[in-house]
Amino acid sequence: MNLIETLKSKRKQILSTWVDRTLDSYVSSGFFKRSRDKFANPVGVNIREGLSSLFDLLLSKAPREEYLAPLDQVIRIRAVQEFTPAQAVAPILELKWVVRQVLSADKNTRHLLSELDSFDCDIDRAALAAFDMYTACREQLYENRIRELKSGSYILTDSGCPSSLARRGIQDKPPVH
Amino acid sequence: MAVVKVDKLARSVVEGPSLMTGSIPTKPWMEIPVKFKPGNYAYTTKPDILKYLDSQQGVSFPNAREWNPEDDDWKLPENWKEIIINGLADRLDRFRSLKIFMDCCVRCGACADKCHFFLGTGDPKNMPVLRAELLRSVYRNDFTLAGKLLGKMAGAREMTVGVLKEWFMYAYQCTECRRCSVFCPYGIDTAEITMMLRELLHLVGCGINWAMEPVANSNRTGNHMGLTPQAFKGNIDFLCEDIENLTGVKVNPTFNRKGAEILFITPSADVFAEPGLFTCMGYLLLFEAIGLDYTWSTYASEGGNFGLFTSNEMMKKLNGKMYAEAKRLGVKWILGGECGHMWRVVHQYMNTMNGPADFLEVPRSPITGTVFENAKATKMVHISEFTADLIKNGKITLDKSRNSHVKATWHDSCNTARAMGLLEEPRYILDHVVDQWWEMPENTIREKTFCCGSGTALNTDEIMELRMRAGLPRANAVRYVHEKHGVNHLGCVCAIDRATLTTLMNYWVPEVTVCGLSELVGNALVIEGEQRQELDEGLRTLV
Ligand code: SF4
Ligand code: SF4
């Protein structure tokens, strides 16, 4: 069996390790791993779906555009959680480690470890795309902040309307107790 | 011992090397200290706002100061611990529900995975059961025999600065949405525990500005934004001009008119900010179409009541203002607009706080004659109840084709759905104003609806990431109906929702626009004598 066929045959094992490790980055991950209801468990199920499709696309050597959607399913979530940028995109690179673990655990597949270069490159490309995506998500967050600031309250509360002037008056007075 | 179960819920184990360092717990939850950093906490109350509020009658907000959650030293008053413990004792005495909630949780875990903050973060302290445990552990330590004797073994812990910091973190990562309580076999309402945590924090001057500034503004000028009566009226006048341009219908609302039959109160966001403005245009058109004898008030110019997210006394005072104004104007009853938490306050607390409103009459629709028995105590009718009744009695003409640009889904706002049971009326109205609309999945609607993630004064921009992760469960369900049915509009009846869901959609499902239900009614409404332009986007069309 060549490398790709082997990876396909070990799909279940690879995915389960990969998804579990990714979900282990959450402090309390039991429910995220367990529940398969997409609406009750959006983080767990979206990450599982996203990584699974990504894995299949990597094996089929799909063009970059095709794996943007599954990557988005994972990265858009991690971009708003308490991760550093590196931690947010790390799961994509971790696939390398997972594949090595799985291949080396089986003596019949150990010899394939030396053939991983090209597959590694594909993972790197996906990881770079993930990083672009992470940055785009963060920019979107800041844009949304600006939009909210511009759209409402601040203009009315912090500009020179009579009530804000009245408030400034209060501020100038000694504290009332 | 039951407490061990809580630890188990919170634990997750991983072995082997990982690139993802730093987020794997190695300690029980009680020993993991909170870490404040930009993006995970809302800015603290400005001292001048707090001083102003503390100077007001009927409320107390002591210990105003500049402080920063990121600092080690929160500049707490010297006897802070005494203040907190006494404050807790006082509340256990006054609120029977608090005492019951402290005692009766069996830690079954049914609520653990139902909170959108937990679902978006995976942080065990966002499990409702643990959120409550933050307070319960201190309660056990100081108020129960087992806690006094067995200490940690009985899940008790001493009140420390670390615990106080934890309270501040997690009392402001709960939107008091009450989804968890739907699943609790004992009906424990974690929202009320959060309310108590926030009250206790206020005793030592720890609160957030996004709650307190609107509260101060409402106390002073009657609305969150601090709009003066002139500005408030001016904004509505602008909307009337827009309506005339779009539809050729001239609407002439009145303000502070004594002797009007009905007082109309809605969140001020309807009057000053998109997309609420379009909802407000919907109300104005509807009232014109049926010739309603009603008035706006420039004093009770806010339906929202951030007092609910602050303290009992503050909530009472802000709610009282609406009824005082109804009395002053001599109206028969109050019609309320599309607000979420106003309705929670009215339905669950008003009668014991400020009731009975016996100077008002049991609401009766002057158009259909329907008596709203359900509002017998509060004398306040929801705009959706009122509109649904008009439709049922054939009193308005609706042309669905005017909403042909809309493929809708329906978001049940937490407060109207869970706190007042307003589930059928909005759906009935939707059936009559749009051609087609689709429900989101069953476990994300009606009583089980997911919060927008930004309620209870968490709709501030500095915690944008927190809001986005907390809103994920809601957005995820919207995305599903968008992908499956091509849904492009998300309808709701809550001013906070309209603003925060708009941002949430921008991030997660940008193809979906957020709109108010009365906006869709306004779009579809056929009014005698109108000279309506081609409005491809209803009242939002730019002409
Ligand atoms: S569902 Fe109720 S009883 Fe069970 S852990 Fe949650 S709060 Fe406690
Ligand atoms: S009330 Fe809502 S936000 Fe608060 S703990 Fe319960 S589910 Fe979470």
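All values reported here derive from a predicted model rather than from experimental measurement.

Draft legend 1. Focus on the overall build of chain A. For chain A, the helix and strand inventory stands at 9 helices and 0 strands. When the elements of chain A are put in sequence order from the N terminus, they spell out α-α-α-α-α-α-α-α-α. Buried residues in chain A amount to 50% of all 177 residues. Accessible surface for chain A amounts to roughly 8400 Å². Of this, 57% is attributable to carbon and sulfur atoms.

Draft legend 2. Layout of the confidence of the model for chain A. On average, residues of chain A score 88 in pLDDT, and 85% of them reach the 70 mark or higher. Within chain A, no element has a lower average pLDDT than helix 8 (residues 153-158) of chain A, which sits at 43, and none a higher one than helix 4 (residues 42-59) of chain A, at 98.

Draft legend 3. Local environment of the site of ligand 2. Residue and element names in this part refer to chain B. The local shell around ligand 2 consists of C115, H116, F117, P128, R131, C174, T175, E176, C177, R178, C180 and T190. Listing elements by their share of the shell around ligand 2, those giving two or more residues are helix 5 (116-121) and helix 6 (128-143). Within the shell around ligand 2, the residues separate by chemical class into 6 nonpolar, 3 polar and 3 charged.

Draft legend 4. Structural detail: a nonpolar patch on the surface. A grouping of L145, L149, L150 and M153 of chain B is seen on the molecular surface, where their side chains present a nonpolar patch of about 470 Å² in accessible area. Here L150 of chain B lies in helix 7 (residues 145-150).

Draft legend 5. Fine view of a negative patch on the surface. On the surface, E70, D71, D72 and D73 of chain B cluster together into a negatively charged patch. With respect to the helices and strands, D73 of chain B occurs in the loop between helix 2 (47-54) and helix 3 (80-94).

Draft legend 6. Quick look at the side chain of T121 of chain B. Checked against the element boundaries, T121 of chain B lands in helix 5. Accessibility expressed as a relative area gives 15% for T121 of chain B, which makes it buried. A polar atom in the side chain of T121 of chain B sits 2.6 Å from the backbone oxygen of F117 of chain B. Not counting the four nearest positions on each side in its chain, T121 of chain B is found in contact with Y26 and F32 of chain A together with N126 and R469 of chain B.

Draft legend 7. The domain arrangement of chain B, seen in detail. Residue and element names in this part refer to chain B. The assigned domain composition of chain B is domain 1 (31-207) and domain 2 (214-540). Computed from C-alpha atoms alone, the centre-to-centre distance between domain 1 and domain 2 is 31 Å. Counting residues at the interface gives 39 residues for domain 1, matched by 38 residues for domain 2. Note on domain 1 versus domain 2: buried area summed over both sides is about 3100 Å², and carbon and sulfur give 59% of it. Put simply, domain 1 and domain 2 have 2 salt bridges between them. Of the charged contacts, one joins R94 and E313 as a salt bridge, the two residues approaching to 3.4 Å between their closest N and O atoms. Scanning the region where domain 1 abuts domain 2 turns up 13 residue pairs in polar contact (both at pLDDT 80 or more). Counting residues per element, the side of domain 1 that touches domain 2 draws most heavily on helix 10 (residues 190-203), which supplies 7 residues. The residue inventory of the side of domain 1 that touches domain 2, partitioned by class, reads 19 nonpolar, 11 polar and 9 charged.

Rules used throughout
- Residues numbered from 1 in each chain as written.
- Chains lettered and ligands numbered in written order.
- Predicted model: local features only at pLDDT ≥ 70, side-chain atom pairs only at ≥ 80, totals over all residues.
- Heavy atoms only, no water.
- Helix = DSSP H or I, 4+ residues; strand = E, 2+ residues; numbered from the N terminus.
- Buried < 20%, exposed > 50% of the residue type's maximum accessible area, 1.4 Å probe, protein only.
- Areas by Shrake-Rupley, 256 points an atom, 1.4 Å probe, with all protein chains shown as cover.
- pLDDT = per-residue confidence, 0-100.
- Near = heavy atom within 4 Å.
- Nonpolar A, V, L, I, M, F, W, Y, C, P; charged D, E, K, R; others polar.
- Patch = residues over 30% accessible without salt bridge, like charges linked within 9 Å, V, L, I, M, F, W, Y side chains within 5 Å.
- Salt bridge = Lys/Arg side-chain N within 4 Å of Asp/Glu carboxyl O.
- Lys, Arg positive; Asp, Glu negative; His and termini not counted.
- Charge placed at Lys NZ, Arg CZ, Asp CG, Glu CD.
- Polar contact = N/O pair within 3.5 Å; in protein donor to acceptor, adjacent residues only side chain to side chain.
- Contact = heavy atoms within 4.5 Å.
- Domains from an automatic or database assignment.
- Buried area = accessible area lost by both parts, 1.4 Å probe.

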